[in-house]
Amino acid sequence: MIFSKQRRYRKATVLIACVLFAGFIGIQATSPEISNPAVTGKFQGPKEVTKIFERACYDCHSNETNLTWYDKVAPFSYVVAADVIEARKRFNFSEWDSIPKADQEAKLWYMVNMISAGKMPLPNYTKLHPGATVSKNDLAILKKYVSQLSDRNHSTGDTSKINRPAHTRKFPTSANGITYFDDYKKWKVISSTNRFDNGTTRLIYGNDITVKAIRENKINPWPNGAIIVKVVWNSQHEDESGNVSAGNFNNVQIMIRDDQKFSDTEGWGFARFGGLDLVPYGKTLSFATSCINCHRLVPENGFVFDIPTKKQDLN
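Residues numbered from 1 in each chain as written. Predicted model: local features only at pLDDT ≥ 70, side-chain atom pairs only at ≥ 80, totals over all residues. Heavy atoms only, no water.

Enquirer: Outline the overall build of the chain, listing residues and values.
Expert: When helices and strands are counted, the chain shows eight helices and eight strands. A burial count over the chain gives 40% of its 315 residues as buried. At a minimum sequence separation of 6, the contacts of the chain that also span at least 24 residues come to 62%. (Helix = DSSP H or I, 4+ residues; strand = E, 2+ residues; numbered from the N terminus. Buried < 20%, exposed > 50% of the residue type's maximum accessible area, 1.4 Å probe, protein only. Contact = heavy atoms within 4.5 Å.)

Pasting the structure below:
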């Protein structure tokens, strides 16, 4: 009786093992394949900086992914493929020139701050790929490089140097029909904020309708005609005397309230114009979807970030 139970147990164990093995073999056939598209605009930086990025970042954030054999084994390969796809969307060292010049420095500050916080490279990744670990010395090299880059670009911090079009041309227009304007410079500043994760400073302006809505606490929903403009500078600059000012100009972001025209994006139209040439962000209307997906995090503020919480802040 005892031997019979043991035989049944062994048979069941063998059967389960066979099923699991067959499943393991079967899942390999559907394992995702990570391709490496052509390198179209490789990151160009000092040799010591490039080597750190290549070692710590390129397996995910480039078209030069170098997989180990265990990266290709399912189910791990599914996780690796998802990480690479998401990483390339955020920034791609093999297509670096496709990032507007105004955004490149902000991306680099973002990398430095994420590495400094221990969030990148991903801890789970460095456990399996210890060679990707960024040392304190590596981080110091990256910080020095980005800081020097900010110093070289500081002369572009004055927004009066924005390249105004000739009288025969119009200001640029985004894919959803919003045209850049500079009247916001005469508006009231409703807020300011810093993004320490990507090393940027922002000044936020509102037209009269926006200011009135905030004072009367009528922001959910915001009235049609409200316009909010966010001007973004890269990392703060400190001169030899210790005086701190905004770094080089990065971009201007515009939000226009029209619940009929922009009904697909919670009634807000979004536009972003980068660099002194005011290059419109996004070649298709899909860019606005990514904007509102982020702004949906603050429905209590009518999908608007960084507004003053006290009426006296506007006085």
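From this point on, the discussion continues.
Enquirer: How would you explain unusual backbone geometry if you had to name every residue and give the values?
Expert: Cis geometry marks the peptide bond from Met-120 to Pro-121; its omega dihedral reads -10°. With an omega of 10°, the peptide bond between Asn-220 and Pro-221 qualifies as cis. Looking at where Pro-221 falls in the secondary structure, it is placed in the loop between α7 (208–215) and β3 (227–233). If you check the backbone angles, Glu-266 has positive phi at about 60° while not being a glycine. One can find Glu-266 in the loop between β6 (249–257) and β7 (268–274). Of note, Phe-303 is a non-glycine position whose phi angle comes to about 70°, a positive value.

Enquirer: Tell me about the pairing of β6, and please be specific about residues and values.
Expert: It is a general feature of regular strands that their side chains alternate between the two faces of the sheet. Counting buried residues along β6, seven of its nine residues qualify, which places the element largely inside the surrounding structure. When β3 meets β6, the two strands line up antiparallel, connected through seven bridges. Across the sheet, the residue bridging to Val-229 is Ile-254, located in β6. Both β6 and β7 contribute to a ladder of seven bridges, which runs antiparallel. The residue bridging Ile-256 from the neighbouring strand is Gly-269, located in β7. (Pairing = 2+ DSSP bridges.)

Enquirer: Could you give me a rundown of the nonpolar core, with the residues and numbers involved?
Expert: Formed by 22 residues in total, the largest nonpolar core has its most connected members in Phe-43, Phe-53, Phe-93, Trp-96, Leu-108, Met-111 and Leu-142. Of all the elements in the fold, those that place two or more residues in this core are α2 (47–56), α4 (101–116) and α6 (136–153). Ile-228, Met-255, Phe-270 and Ile-307 belong to the second-largest nonpolar core, a separate cluster that totals 18 residues. (Core = buried A, V, L, I, M, F, W, Y, C linked by side-chain atoms within 4.5 Å.)

Enquirer: For helix α8 (residues 286–295), give the residues involved together with the corresponding values.
Expert: In an α-helix there are 3.6 residues to a turn, and that puts residues three or four apart on one side. Buried residues of α8: Phe-287, Ala-288, Ile-292 and His-295, and no others. Taken end-on, α8 shows its buried residues confined to a sector of 130°, consistent with a single buried face. Buried residues along α8 sit in contact with β6 and β7. (Arc of directions from axis to C-beta.)

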